[in-house]
Amino acid sequence: MDPTSQIIVALDCDDRATADALVEQLGDACRAYKVGLQLLTAAGPDAVKALVAQGKEVFLDLKLFEIPHSVAAAVRAAGALGVSMITVHGMGGSGIMSAAVEAARDFPGMRVLALTVVTSMTDADLADIGVGDAAGEQVHRLARLAQKAGCHGVIASPQDVATLRSNLGPDALIVTPGVTLPGESPAGHARPGTPHAAIAAGASHVVVGRTVTRAANPATAFHTVRTSLTP
Ligand code: C5P
């Protein structure tokens, strides 16, 4: 796979102007962006439409956790925007994951990814909410459930990728946020890793946020990430 198509830049910003400026700075080098709740709430679906209109792939990170009927409706709304990937919470169970997959069938270009355990959560955080298993075990339980429900892939931390790849097989998407370049401080990442390590372990994509968006020169930072993935 071409390394460029494996990098998804997270547009975690508060307004369209900032997002547009970043997309312009990265230019043709970057083909895929993640739009999350922050930008979607601040700037609305036009931010997504503008990216799709420029030929960018959009990962709409809605992290859906709702009743199945509402999840399906949100997935259809995302499909109508032309997004390529959407997320649903695995912790919501098989019902909502199946509803998302079913709703996505009308949009052949859209993939449903299950969020297993948010990468900032530790075993202690899981214990607090009544999950006795360690984060790693919970990740694998939810990934199996997601695959059974027909999800196209999972979101997982760098440290869970290798086992997930061997459990889920070669076709599953494994999208890995929580990555930082060597030497960077892994702020807010409980189970961090580098983009290179994530891809080498079997991730299909990495999500890179602040490493690129907060860099003095985002285009240079993107190039550094890309080069780090070149075999
Ligand atoms: O940390 P960074 O700025 O690279 O985050 C980019 C994206 O990765 C965020 O939008 C967030 O959804 C996701 N992320 C995550 N777990 C973390 C840190 C970030 O899922 N620990």
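Residues numbered from 1 in each chain as written. Predicted model: local features only at pLDDT ≥ 70, side-chain atom pairs only at ≥ 80, totals over all residues. Heavy atoms only, no water.

J.: Which residues make up the packing of helix α1 (residues 16–26) against helix α11 (residues 218–229), and what are the values?
T.: Where α1 contacts α11, the axes come no closer than 8 Å and their chain directions differ by 55 degrees. With respect to α11, the element α1 is oriented oblique. Taken as a pair, α1 and α11 cross one another with a handedness that is right-handed. Residue-level contacts link Leu22, Gln25 and Leu26 of α1 to Pro218, Ala219 and Phe222 of α11. Broken down by class, the residue content of the contact of α1 with α11 amounts to five nonpolar, one polar and no charged. (Axes fitted to C-alpha atoms, helices over the stretch in contact; angles between N-to-C directions. Helix = DSSP H or I, 4+ residues; strand = E, 2+ residues; numbered from the N terminus. Parallel < 35°, antiparallel > 145°, perpendicular 65-115°, else oblique. Left-handed = near helix turned anticlockwise from the far one by under 90°. Contact = heavy atoms within 4.5 Å. Nonpolar A, V, L, I, M, F, W, Y, C, P; charged D, E, K, R; others polar.)

J.: Provide a residue-level description of the packing of helix α7 (residues 135–148) against helix α8 (residues 161–168), including the pertinent values.
T.: One can describe the packing of α7 onto α8 by two numbers: an axis separation of 11 Å at closest approach and a directional angle of 35 degrees. α8 is crossed by α7, and the crossing has right-handed handedness. On the side of α7, the interface is formed by Val139, His140, Ala143 and Gln147, while α8 contributes Thr163, Leu164, Asn167 and Leu168. Residues of the contact of α7 with α8, tallied by class, amount to four nonpolar, four polar and no charged.

J.: Lay out the pairing of strand β5 (residues 111–115) with the relevant residues and their values.
T.: Among the five residues that make up β5, four are buried, leaving the element largely enclosed by the rest of the structure. Both strand β4 (residues 85–89) and β5 contribute to a ladder of five bridges, which runs parallel. Bridge pairing in β5 links threonine 87 to leucine 113. Of the crossover connections in this fold, the one passing from β4 over helix α5 (residues 94–104) to the parallel β5 is right-handed. (Buried < 20%, exposed > 50% of the residue type's maximum accessible area, 1.4 Å probe, protein only. Pairing = 2+ DSSP bridges. Right-handed = clockwise from strand over helix to strand, strands pointing away.)

J.: So what about the pairing of strand β8 (residues 205–208)? Which residues, and what values?
T.: Alternating positions in β8 separate into two faces, His205 and Val207 on one and Val206 and Val208 on the other, with burial throughout. Pairing of strand β1 (residues 7–10) with β8 involves three bridges; the strand directions are parallel. Residue pairing across strands places isoleucine 8 opposite valine 207, the latter belonging to β8. Pairing between strand β7 (residues 173–176) and β8: two bridges, direction parallel. Bridge pairing in β8 links threonine 176 to valine 206.

J.: Please provide a residue-by-residue account of the pattern of salt bridges, values included.
T.: Evaluated as defined, the whole model comprises eight salt bridges. Residue lysine 49 is joined to aspartate 46 by a salt bridge in which the shortest nitrogen-to-oxygen separation is 3.7 Å. Of the two residues, lysine 49 and aspartate 46 are both situated in helix α3 (residues 46–53); the distance of three residues between them amounts to about one turn of the helix. By relative accessible area, which is 44% here, aspartate 46 ends up partly exposed. Note that arginine 141 is salt-bridged to aspartate 133, the shortest N-O span being 2.6 Å. What emerges from the salt-bridge pattern is a single network uniting Asp2, Arg31 and Arg226. (Salt bridge = Lys/Arg side-chain N within 4 Å of Asp/Glu carboxyl O.)

J.: Describe empty space enclosed by the protein, listing the residues and the values that go with them.
T.: Scanning the model with the defined rule gives one cavity of 30 Å³ or more in all. Size it by volume and the largest cavity reaches roughly 30 Å³. Lining the largest cavity, in full, are Leu11, Arg16, Ala19, Asp20, Val23, Leu39, Ala47 and Leu51. Going through the elements one at a time, α1 and α3 are the ones with two or more residues in the lining of the largest cavity. It is α1 that provides the largest number of residues to the lining of the largest cavity, a total of four residues. When its residues are assigned to classes, the lining of the largest cavity shows six nonpolar, no polar and two charged. (1 Å grid on protein atoms, 1.4 Å probe; cavity = no way out; pocket = protein on both sides within 12 Å on 5 of 7 lines; lining within 4 Å. Points joined across faces, edges and corners; volume = space filled by probe spheres on them.)

J.: Can you break down α11 residue by residue, with the values?
T.: Over its twelve residues, α11 runs 17 Å from end to end, which matches the ideal 16 Å to within 8%, given 1.5 Å per residue. Where the residues of α11 are buried, they touch β1, α1, α9 (195–200), β8 and α10 (210–213). Capping the start of α11, asparagine 217 holds a side-chain oxygen 3.0 Å from the backbone nitrogen of alanine 219, two or three residues further along. (Expected span 1.5 Å × (residues − 1). Polar contact = N/O pair within 3.5 Å; in protein donor to acceptor, adjacent residues only side chain to side chain.)

J.: Explain α5 residue by residue, including any values.
T.: One turn of the α-helix equals 3.6 residues, which is why residues spaced by three or four share an orientation. Within α5, the full set of buried residues consists of Ile96, Met97, Ala99, Ala100, Val101, Ala103 and Ala104. Turning to α5, the residues buried within the fold contact β3 (57–64), α4 (68–81), β4, β5 and α7.

Fair warning: the whole summary comes from geometry, so function is off the table for now.
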